[in-house]
Amino acid sequence: MSLDEKVIDKLKKLFKLQQSPNEHEAALAASMAAEIMAKHHLNEATVRLAAGKDAADVVLNEVVDETLRKVESWVSALANGCALGFGCRLYWRTERGWKNGRSCITKVEMRMVGRKGDIEAASYTLAWLMNEIEPMSHREGRGMGVAWKNSFKLGCAVTISSRLEERRNQIMRDVGGANPHAMVLVKKDDAAVAAVMNSLHLRAARPYNISRSDGFHSGKEAGRNINLDGGHSLQAPAKKLTK
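Residues numbered from 1 in each chain as written. Predicted model: local features only at pLDDT ≥ 70, side-chain atom pairs only at ≥ 80, totals over all residues. Heavy atoms only, no water.

### Some remarks on the pattern of salt bridges
Note the following rule: The working definition used for a salt bridge is a side-chain nitrogen of Lys or Arg within 4 Å of a carboxyl oxygen of Asp or Glu.
Evaluation of the coordinates by the stated rule reveals 15 salt bridges. The salt bridge involving Glu-109 is made with Lys-107; its shortest N-O contact spans 3.4 Å. With a closest N to O distance of 2.8 Å, Glu-109 and Arg-111 form a salt bridge. Each member of the salt-bridge network shares a partner with another, and the members are Glu-44, Arg-48, Asp-57, Arg-115, Asp-118 and Asp-189.

Here it is, written out as structure tokens:
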């Protein structure tokens, strides 16, 4: 079993241990997973340097999921946050065709650019978080309507995503500071990911549409209240990332 396979197996075991449905633990295992992967990246960089390999790692551009319709804003925000939290980048590729004489979307691909293990960890974590945020919005928004629930999910996704990226950056500062040579190689890997993204010449993402500001702020508050320093882990779902 390779180093990547071992750490991914560790993440899956981490998720499967969780039994608590408490919404304030929704990003706990995700944060722990991001921390594990950040430390793994630094450890792996040390191993590569010891083997005389100081070049950037292989960067992949993979389809993580695909759907037949437009993706909801909260899913897009959460997917982007998970990608960044695991050292990847995310973009969407849309195919259009004709139906009944009208132009329409025929396929939407969620694609991640990054190292193989990082992409797998990010997509696995994303699937779990989606499975947690959806029922959370129904519990918190009972009787509030679809617009409020969608805004709640977006607020929660935006906050969780920001905190996941901050956690990775913190680990890189704290742990990477003690191993500057490995940190240089990690930065090379990050630069390689950025170079692939730049070569795609993508359009800037549109700002998210918030239909209910009260729902959005409630979601952000829920995301802020999530404890990212606890000791639980979560059960990951076996389902598609998008419907």
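### Let's talk about unusual backbone geometry
Formally: Strands here mean DSSP runs of E at least two residues long; helices mean DSSP runs of H or I at least four residues long; both are numbered from the N terminus. Exposure classes here rest on a 1.4 Å probe applied to the protein chains alone. A residue is buried below 20% of its type maximum, exposed above 50%, and partly exposed in between.
Positive phi, close to 55 degrees, is recorded for Asn-100, a residue that is not glycine. Here Asn-100 shows up in the loop between β2 (89-99) and β3 (102-114). Residue Asn-100 is classed as exposed on the basis of its relative accessible area of 74%. Positive phi is not limited to glycine here, since His-201 has a value of about 50 degrees. Mapped onto the secondary structure, His-201 falls in the loop between α6 (180-199) and α7 (213-225). The class for His-201 is exposed, based on a relative accessible area of 69%.

### Re the nonpolar core
Rules: In these notes, a set of buried Ala, Val, Leu, Ile, Met, Phe, Trp, Tyr and Cys residues joined through side-chain atoms within 4.5 Å is what counts as a nonpolar core. We call two residues in contact whenever any of their non-hydrogen atoms come within 4.5 Å of each other.
One finds Trp-74, Leu-78 and Leu-129 to be the most contacted residues of the largest nonpolar core, which totals 40 residues. Breaking this core down by element, the ones donating at least two residues are α1 (3-16), α2 (28-50), α3 (73-85), β3, α4 (116-140), α5 (146-176) and α7. Considering every element that reaches this core, the biggest residue donor is α4, with 9 residues. Contacts of Leu-78, omitting those with residues within four sequence positions, involve Leu-126, Leu-129, Met-130, Ile-133, Ala-157, Ile-160 and Ser-161.

### Some words on the environment of Lys-153
Applicable threshold: We call two N or O atoms a polar contact when they sit within 3.5 Å, provided that within protein one can donate a hydrogen and the other can accept it, with sequence-adjacent residues counted only if both atoms are side-chain atoms.
Note that Lys-153 resides in helix α5. The sequence separation of Lys-153 and Lys-220 amounts to 67 residues, and the corresponding C-alpha distance is 8.6 Å. For Lys-153, the contacting residues outside a window of four places in its chain are Glu-72, Trp-74, Ile-133, Glu-134 and Ser-137. Only 3.0 Å separates the side chain of Lys-153 from the side chain of Glu-134, close enough to count as a polar contact.

### Some points on the confidence of the model for the protein chain
Put simply, the test is: Across the chain, each position has a pLDDT score giving the predictor's confidence in that residue, from 0 to 100.
Here the protein chain averages 81 in pLDDT, while 84% of its residues score no lower than 70. The weakest mean pLDDT in the protein chain belongs to α1 at 68; the strongest belongs to α3 at 93. Every residue in residues 19-23 scores below 50 in pLDDT, and together they form 7 contacts with partners more than four places removed in sequence or on other chains. In the model, residues 230-239 has pLDDT below 50 throughout and makes 34 contacts with residues more than four positions away in sequence or in other chains.

### Describing the side chain of Ser-76
Take Ser-76: it is sitting in helix α3. Here Ser-76 falls in the buried class, since its relative accessible area comes to 16%. Within the local environment of Ser-76, its side chain forms a polar contact with the side chain of Trp-92, the two groups lying 3.3 Å apart. Beyond its immediate stretch of four places on either side in the chain, Ser-76 contacts Val-71, Trp-92 and Tyr-208.

### What about the packing of α5 against α7?
In helix packing, the relevant descriptors are the interaxial angle and the interaxial distance, both defined with respect to the helix axes. Applied cut-off: All axes are obtained by fitting lines to C-alpha atoms, using only the stretch in contact for helices, and the reported angles, taken between N-to-C directions, cover 0 to 180 degrees. Whether a crossing is left-handed or right-handed is set by the direction in which the near helix is turned from the far one by less than a right angle, anticlockwise for left-handed and clockwise for right-handed. Note on residue classes: Ala, Val, Leu, Ile, Met, Phe, Trp, Tyr, Cys and Pro are nonpolar, Asp, Glu, Lys and Arg are charged, and everything else, Gly too, is polar.
Here α5 crosses α7 at 35 degrees, and the two axes come no closer than 6 Å. Crossing angle aside, the handedness with which α5 passes α7 is right-handed. Between α5 and α7, the residues in contact are Trp-148, Ser-151, Phe-152, Leu-154, Gly-155, Cys-156, Val-158, Thr-159, Ile-160 and Arg-163 and Asp-214, Gly-215, Phe-216, Ser-218, Gly-219, Lys-220, Ala-222, Gly-223, Arg-224 and Asn-225, respectively. Taken together, the residues of the contact of α5 with α7 break down into 8 nonpolar, 8 polar and 4 charged.

### Quick notes on the packing of α4 against α5
The condition is simple: Orientation labels follow simple angle bins: below 35 degrees gives roughly parallel, above 145 gives roughly antiparallel, 65 to 115 gives roughly perpendicular, and whatever is left gives oblique.
The geometry of α4 relative to α5 is characterised by a closest axis approach of 9 Å and an angle of 135 degrees between their N-to-C directions. In this view, α4 runs oblique relative to α5, as classed from their interaxial angle. The handedness of the crossing between α4 and α5 is right-handed. On α5, the residues touching Leu-129, Ile-133, Glu-134, Met-136, Ser-137, His-138 and Glu-140 of α4 are Trp-148, Lys-149, Phe-152, Lys-153, Cys-156, Ala-157, Ile-160 and Leu-164. Residues of the contact of α4 with α5, tallied by class, amount to 9 nonpolar, 2 polar and 4 charged.

### A short note on α6
Note the following rule: Expected helix span is given by 1.5 Å per residue-to-residue step, counting one fewer step than there are residues.
Relative to the 28 Å expected for 20 residues at 1.5 Å per residue, α6 spans 29 Å between its end C-alpha atoms, a close match to the ideal helical length. Of the positions making up α6, those classed as buried are Ala-182, Met-183, Leu-185, Val-186, Asp-189, Ala-192, Val-193 and Met-197. Immediately downstream of α6, the backbone of His-201 shows phi near 50 degrees, a positive value.

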